[in-house]
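# Coordinate inspection notes
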Amino acid sequence: MFQRIIDGISASTGTTVRLTSLAAGTAFALFITTCFLCAAAFISVLEKYGPVQACLAGAGIFFLLTLTAAGSYWGYKREVQKRAQIAAERAAKSMAQSMLADPMLLATGLQIVRAIGVKRLLPILAIGGVALGIMASRAGVADEASAEPAE
């Protein structure tokens, strides 16, 4: 039994190591290719326009690459934040639903109703419902206000 588990782990580890080394080799080859392309572009501009313009052209290319990478990072960060917010909202809804479906909570609620009595409990529940409605409406207003950009 343990031998199958160990064999599975060693097989997956071997595959992971092979894929990681292949990815590292590919990244290194891409880096070298990029270096030679940059050198070729630099020499081409150097022969045609001069050293200052060649340096400025190289700087411009790398500045555009930097802007592209920064924009990509910013977009990815925004997407991750949206996903986290959606996951948090789902978790909150799930938590509220699971609390109401908890048998211990329902049993405790029934015992409280029996101990206090339905006639005495109705006004308390009405006040609680109104307070819950006010809290829910204020939470929606706060979310909409925070979504709008500040001036």
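Residues numbered from 1 in each chain as written. Predicted model: local features only at pLDDT ≥ 70, side-chain atom pairs only at ≥ 80, totals over all residues. Heavy atoms only, no water.

### A word on the overall build of the protein chain
Which entries qualify depends on this criterion: Strands are runs of DSSP state E lasting at least 2 residues, helices are runs of H or I lasting at least 4, and numbering of each runs from the N terminus. Per-residue accessibility, obtained with a 1.4 Å probe over protein chains only, is compared with the maximum for each type, and a residue is labelled buried under 20%, exposed over 50%, and partly exposed between these values. Residue burial considers only the protein chains on display, and all accessible areas are found by Shrake-Rupley using a 1.4 Å probe.
Looking only at helices and strands, the protein chain has four helices and zero strands in total. Looking at the protein chain as a whole, 2% of its 151 residues are labelled buried. Accessible surface computed for the protein chain: about 13,300 Å², of which carbon and sulfur atoms make up 72%.

### A look at the environment of Leu 56
If you trace the backbone, Leu 56 turns up in helix H2 (residues 51-100). For Leu 56, a relative accessible area of 58% translates into the label exposed. Taking the C-alpha atoms as reference, Leu 56 lies 9.8 Å from Val 45; in sequence the two are 11 residues apart.

### Side note on the UniProt feature "transmembrane region" (unreviewed entry) in the protein chain
Here is the rule we go by: UniProt positions are given in the numbering used here, feature names are shortened, and annotations may be inferred rather than shown by experiment.
Look at the UniProt record and you will see "transmembrane region" (unreviewed entry) annotated at residues 21-45, 51-76 and 121-141. Helix makes up 100% of residues 21-45 and strand makes up 0%, while its end C-alpha atoms are separated by 36 Å. The annotated region residues 51-76 carries 100% helix and 0% strand content, and the separation between its end C-alpha atoms amounts to 38 Å.

### A few points about the pattern of salt bridges
Once their charged atoms are close, side chains differing in charge can pair, the charge on each being opposite to the other. Using the following cut-off: Note on definitions: salt bridges are taken to be side-chain nitrogens of Lys or Arg within 4 Å of carboxyl oxygens of Asp or Glu.
Inspection of every chain in the model, using the stated rule, returns one salt bridge. Among the salt bridges present, the one from Glu 79 reaches Arg 83, with a minimum N-O distance of 2.6 Å. Of the two residues, Glu 79 and Arg 83 both sit in helix H2, four residues apart, roughly one turn of that helix. When its relative accessible area of 35% is taken as the criterion, Glu 79 is described as partly exposed. A residue is classified by how much of its surface remains accessible, and Arg 83, at 56% relative accessible area, is exposed.

### Section: helix H3 (residues 103-116)
This is how it is decided: The span expected for a helix works out to 1.5 Å for each residue beyond the first.
The end-to-end C-alpha distance of H3, which contains 14 residues, comes to 20 Å, matching closely the 20 Å that a straight helix rising 1.5 Å per residue would cover. One or two steps after H3, the chain reaches Gly 117, where phi turns positive at roughly 105 degrees.

### Here's the deal with the environment of Ile 43
Mapped onto the fold, Ile 43 is located in helix H1 (residues 2-48). Once the C-alpha coordinates of Ile 43 and Ala 54 are considered, the two residues, 11 residues apart in sequence, prove to be 7.6 Å apart.

### With respect to the state of the cysteines
Test applied: Criterion for a disulfide: a pair of cysteine sulfur atoms at a distance within 2.5 Å.
Tallied over the full model, the rule gives zero disulfides. As a non-bridged cysteine, Cys 35 has Cys 38 as the owner of its nearest cysteine sulfur, 6.7 Å distant.

### Description of the confidence of the model for the protein chain
Keep this limit in mind: Values of pLDDT, ranging from 0 to 100, describe the predictor's confidence in every residue of the model.
On average, residues of the protein chain carry a pLDDT of 81, and 85% of them reach 70 or more. By mean pLDDT, the top-scoring element of the protein chain is H2 (86), and the lowest-scoring one is helix H4 (residues 118-147) (73).

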